[in-house]
Amino acid sequence: RKEVEQDPGPFNVPEGATVAFNCTYSNSASQSFFWYRQDCRKEPKLLMSVYSSGNEDGRFTAQLNRASQYISLLIRDSKLSDSATYLCVVTDAGKSTFGDGTTLTVKP
Amino acid sequence: NAGVTQTPKFRVLKTGQSMTLLCAQDMNHEYMYWYRQDPGMGLRLIHYSVGEGTTAKGEVPDGYNVSRLKKQNFLLGLESAAPSQTSVYFCASNAGSLGNEQFFGPGTRLTVL
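Cut-offs applied
- Residues numbered from 1 in each chain as written.
- Chains lettered and ligands numbered in written order.
- Predicted model: local features only at pLDDT ≥ 70, side-chain atom pairs only at ≥ 80, totals over all residues.
- Heavy atoms only, no water.
- 1 Å grid on protein atoms, 1.4 Å probe; cavity = no way out; pocket = protein on both sides within 12 Å on 5 of 7 lines; lining within 4 Å.
- Points joined across faces, edges and corners; volume = space filled by probe spheres on them.
- Helix = DSSP H or I, 4+ residues; strand = E, 2+ residues; numbered from the N terminus.
- Contact = heavy atoms within 4.5 Å.
- Buried area = accessible area lost by both parts, 1.4 Å probe.
- Salt bridge = Lys/Arg side-chain N within 4 Å of Asp/Glu carboxyl O.
- Pairing = 2+ DSSP bridges.
- Axes fitted to C-alpha atoms, helices over the stretch in contact; angles between N-to-C directions.
- Disulfide = S-S within 2.5 Å.
- Buried < 20%, exposed > 50% of the residue type's maximum accessible area, 1.4 Å probe, protein only.
- Phe/Tyr/Trp six-rings, centres within 6.5 Å; stacked < 30°, edge-to-face > 60°.

A. Representation of empty space enclosed by the protein within the structure. Taken as a whole and judged by the stated rule, the model has one cavity of 30 Å³ or more. Estimates place the volume of the largest cavity at around 30 Å³. In this structure, the largest cavity is lined by A:F34, A:Y36, A:V89, A:T91, A:S96, B:N94, B:N100 and B:Q102. For the lining of the largest cavity, the secondary-structure elements that each account for two or more residues are β4 (32-38) and β9 (84-92) of chain A.

B. Here's a closer look at the interface of chain A and chain B. If you look at the interface, chain A gives 18 residues, while chain B gives 21 residues. Carbon and sulfur atoms supply 54% of the area buried between chain A and chain B, which totals about 1600 Å² over both sides. Here chain A and chain B share zero salt bridges between them. When residues of the side of chain A that touches chain B are traced back to their parent elements, those giving at least two are β4, β5 (45-49) and β10 (95-98) of chain A.

C. Structural detail: the sheet that holds strand β6 (residues 55-57) of chain A. Residues and elements named next belong to chain A. Across the sheet, which stays open at both edges, the five strands sit in the order β1-β3-β8-β7-β6 with antiparallel pairing between neighbours. If you trace the sheet from one side to the other, it starts and ends with β1 (4-6) and β6, each paired once. Within this sheet the neighbouring strands show an average axis-to-axis angle of 15°, counted without direction. Here strand β7 (residues 60-65) runs beside strand β8 (residues 70-75); their pairing, made up of six bridges, is antiparallel. Within the sheet, the bridge partner assigned to L64 lies in β8 and is I71.

D. Representation of the state of the cysteines in the model. Using the criterion set out here, one finds two disulfides over all chains in the structure. There is a disulfide in this structure between A:C23 and A:C88, and the S-S distance comes to 2.0 Å. Negative torsions about the S-S bond denote left-handed disulfides, and the value of about -75° found for A:C23 with A:C88 makes this one left-handed. Note that A:C23 is positioned in strand β3 (residues 19-25) and A:C88 in strand β9, a separation of 65 residues in sequence. Paired by a disulfide, B:C23 and B:C91 hold their sulfur atoms 1.8 Å apart. Torsion about the S-S bond of the B:C23 and B:C91 cystine: about -75°, corresponding to left-handed handedness. Here B:C91 lies in strand β9 (residues 87-94) and B:C23 lies in strand β3 (residues 19-25), a separation of 68 residues in the sequence. Accessibility expressed as a relative area gives 0% for B:C91, which makes it buried.

E. A look at the packing of aromatic side chains. Residue and element names in this part refer to chain A. Overall, the coordinates contain 14 aromatic pairs over all chains when judged by the stated rule. With centroids separated by 6.2 Å and ring planes inclined at 65°, the aromatic side chains of F34 and Y36 adopt a geometry described as edge-to-face. Residue classification places F34 among the buried positions, given a relative accessible area of 4%. You can call Y36 buried: its relative accessible area is 1%. When the ring of Y36 is compared with that of F98, the centres are 6.1 Å apart and the planes differ by 55°; the resulting orientation is tilted. Highlighted residues: Y36 in strand β4 and F98 in strand β10, separated in sequence by 62 residues. Side by side, Y36 and F98 carry an identical accessibility label, which is buried.

Remember that the coordinates give geometry; whether it matters functionally is a separate question.
Here's what the structure looks like:
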């Protein structure tokens with residue numbers, strides 16, 4: 001079993017749709033959690049950190065459930081520019097483990 | 001600030017050749033990382049460093065060596081390249097505290113024939 005598992009996707013949605021990505025992790029000692037965005041053939045860039053209290057940044061909402069070892073990302077009112085691969089990242093003692101990513105394509 | 005830079009951007013090697021990938025960061029970060037990313041997969045940690053003069057193995061260290069002689073540089077070496085090492089290599093750095101963002105370089109696309 002992989003340490004970090006994500007929905008395989010791909011997700012193909014129309015503009016304006018709401019889409020949710022899920023991620024589970026196996027290391028209960030994990031300390032920090034993130035969602036990164038990766039555009040085709042580019043380097044990953046931080047989208048947002050994830051906290052147990054939940055956090056929101058505009059159209060994006062991230063949630064962490066430590067008891068279930070589960071992380072989610074919700075994107076509301078999808079834009080064409082949201083098309084990318086979204087990587088779930090879990091960190092323990094400075095080492096990060098990446099999920100394989102979920103690809104989102106937003107269509108007109 | 002240039003952030004994280006990687007040299008070279010592209011390289012083609014023949015099986016058995018050696019090469020060194022250079023990563024440099026100008027953010028005074030303590031931690032640096034080398035990852036590889038194969039098609040359709042996430043990043044896998046090769047080696048990392050928590051400070052100048054220190055290195056540690058990650059998830060897939062075999063066939064690679066690293067050195068961190070200066071805080072701003074992290075070198076990844078392939079002593080005898082194999083086709084299985086064809087991949088995109090990303091370097092990253094962060095300040096080392098919990099919850100800190102990793103900043104990535106633009107990647108090196110390596111093909112081993």
